Amino acid sequence: MQIRRLILAAAVALLCVAGELCWVWQSGMTQPVQGDFIHYVDFNIPEQALSDAMKEDQKREGEVRWIDILAGLACRNGANWEGYSSGDASDMALRLEQGEDMEGNEYFSYYRQAYEAVLGGLLGDFAEETTDSDGNSIWEYQYGLKAYLPIAAGFDYSESDDFGARRTYGYSRPHLGHDMMGLTGTPVVAVESGTVVMLGWNQYGGWRIGIRSEDGKRYWYYAHLRKDRPYASGLKEGDRVTAGDVIGYMGRTGYSATENVNNIETPHLHIGLELIFDESQFESDNEIWVDIYPLMRLLRAHRSVCTRGEDGEYTRAGQFLEAGS
C-alpha cells in the first residue's frame, strides 16, 4: 500500500509540474474471449452489503478485496441476500484474510467475474485536490471510493428503484436503467474514468453520452440531457474523461425521432450500466444491463464539487488522479 501511495504521489508531482498528463485509451482494451464468457448477470446485492464489504476492504487497504468478499457471500447464500446482516461481510473478510480458499466452490469464479465487471474500477487509491482553511491547494491521498455519484454535489435529486419498469414509447420494453429526478441544467458528472464512445441524439434517450470504462467491462449510458446545450463545452467522441468530470447537464430530451425535442415529462438523468464480457455483446441483442440503484445509493458518499464559470459552464473544483493512471 505504501508503495502504491508513493507512486501516486509521484504522479501528482508530475501533474503539478507539467500542468496536465497525457492519457491514452487503447481501442483494443477488451479482446474477444476465446471460449465461454458470461452471458447473464443478476446484480442484486443490497446497498448495506456493498457498504459493509467496501469498509472491510478499506480496513485492509485492498489486501482483501470487496469483490471477493461479495463473491464469497454469494456462494454462501446462493445470491439470495434477504437474510443478509453486516456480520456476514466481516466474517467472510476474516475467512479470506486467514487464507480460506474459495476457489474450490464451483460458483466462486462466476460471481467474482460478474462482480468484478460491475465494481472493478470503483474502489482504489486516488488523490484529490482540495483547499485548506487558508484557501491553499492541497492534495489528499485516500484508498476508497474513486467513483462518483453522477449528480454534482449541492444539487438535489430524487430516485427510486425503477429498473425493469415498463416503458411504452415506440414499443413495450423494460426500463434498463436508473432515473434520477432533478432540475434542468443540473451538472452530470462521469461516474468513473473512461472514454467517450458515443455522443449524439437517440430518439429514446434524447441527447446522450456513452462512456466505456478503462478496463472495457462497463459501458455507462447517460441520457435525456438538456435541450440546446446538452454537453460539457468541447466534449466529443474519443475524449478521455476522469471520474467526477462534468460531462453534461440534466434535461428532458427524447421520445422523438426529431433531434433536440423535449418530449420527456419530468427532467431527469437516465443512467444505465451495461456489462461487456466479450465485444460481441456490445450493441447487440445479447446486452447485459444491471440494476444500479444500490450502487447509486452507495455513491452518495462521493460527490464531485463543481463551480460555475462566467460562461455558465460547470467544471470540477479540483483535480483528481487515480493510481495507475
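For the structure, see preceding data.
> Before we move on, can you summarise the pairing of strand E10 (residues 218-223) with the specific residues and values?
With six of its six residues buried, E10 lies for the most part within the structure. Residues Arg218, Trp220 and Tyr222 of E10 are buried on one face, and the alternating residues Tyr219, Tyr221 and Ala223, pointing to the opposite face, are buried as well. Pairing between strand E9 (residues 206-213) and E10: four bridges, direction antiparallel. Following the sheet pairing, Ile211 is matched in E10 by Trp220. With six bridges connecting them, E10 and strand E13 (residues 268-275) associate as antiparallel partners. What sits directly across from Tyr219, in E13, is Glu274.

> Give me the sheet that holds strand E1 (residues 123-131): which residues, what numbers.
Strands sit in the order E2-E1-E17 across an open sheet of three strands; the sheet is antiparallel. Two strands lie at the open edges of the sheet, namely strand E2 (137-145) and strand E17 (320-322), each paired on one side alone. Across the sheet, the mean angle from the axis of one strand to that of its neighbour is 20°, orientation sign disregarded. In this sheet, E2 lies alongside E1 in antiparallel orientation, the contact comprising nine bridges.

> Got a sec to walk through the nonpolar core? Specific residues and values, please.
In globular proteins that are soluble, nonpolar side chains generally tend to be buried together. Core analysis: the biggest nonpolar cluster contains 68 residues, and Trp81, Tyr115, Leu119, Tyr222 and Leu295 have the highest contact counts within it. The element contributing the most residues to this core is helix H3 (residues 66-77), with eight residues. With sequence-adjacent residues up to four places away left out, Leu119 is seen in contact with Phe43, Leu50, Trp66, Ile67, Leu70 and Leu295.

> Outline the pattern of salt bridges, supporting the account with residue identities and numerical values.
In total, this model carries 22 salt bridges according to the counting rule given. Glu192 serves as the salt-bridge partner of Arg218, at 2.5 Å between the closest nitrogen and oxygen. Taken together, the residues span a long stretch of sequence, with Arg218 in strand E10 and Glu192 in the loop between strand E7 (187-189) and strand E8 (194-202) at a distance of 26 residues. The exposure classification of Arg218 matches that of Glu192, with both residues buried.

> I'd like a description of the packing of aromatic side chains, backed by residues and values.
Summed over all chains, the structure comprises 16 aromatic pairs. The interplanar angle of 75° and the centroid separation of 6.3 Å between the aromatic rings of Tyr221 and Trp289 together place this pair among those described as edge-to-face. You can see Tyr221 sitting in strand E10 and its partner Trp289 sitting in strand E14 (residues 288-289), a full 68 residues away along the chain. Among the residues examined, Tyr221 registers a relative accessible area of 14% and is labelled buried. Members of the aromatic cluster, connected to one another through ring pairs, are Phe43, Tyr110, Tyr111 and Tyr115.

> If you had to explain the side chain of Glu56 to someone new, which residues and values would you point to?
Inspection of the secondary structure assignment puts Glu56 in helix H2 (residues 47-59). Side chain to side chain, Glu56 and Arg60 meet in a polar contact 2.7 Å long. In contact with Glu56, other than residues within four places in its own chain, are Ile69, Ala89, Ser90 and Ala93.

> How would you summarise unusual backbone geometry if you had to cite specific residues and measurements?
Residue Ala79 is not a glycine yet carries a positive backbone phi of 65°. Assignment of secondary structure puts Ala79 in the loop between H3 and helix H4 (86-97). By relative accessible area, Ala79 is classed as buried at 16%.

What counts, and where the lines are drawn
- Residues numbered from 1 in each chain as written.
- Predicted model: local features only at pLDDT ≥ 70, side-chain atom pairs only at ≥ 80, totals over all residues.
- Heavy atoms only, no water.
- Buried < 20%, exposed > 50% of the residue type's maximum accessible area, 1.4 Å probe, protein only.
- Helix = DSSP H or I, 4+ residues; strand = E, 2+ residues; numbered from the N terminus.
- Pairing = 2+ DSSP bridges.
- Axes fitted to C-alpha atoms, helices over the stretch in contact; angles between N-to-C directions.
- Core = buried A, V, L, I, M, F, W, Y, C linked by side-chain atoms within 4.5 Å.
- Contact = heavy atoms within 4.5 Å.
- Salt bridge = Lys/Arg side-chain N within 4 Å of Asp/Glu carboxyl O.
- Phe/Tyr/Trp six-rings, centres within 6.5 Å; stacked < 30°, edge-to-face > 60°.
- Polar contact = N/O pair within 3.5 Å; in protein donor to acceptor, adjacent residues only side chain to side chain.

Function cannot be read off these values alone, since they describe shape.
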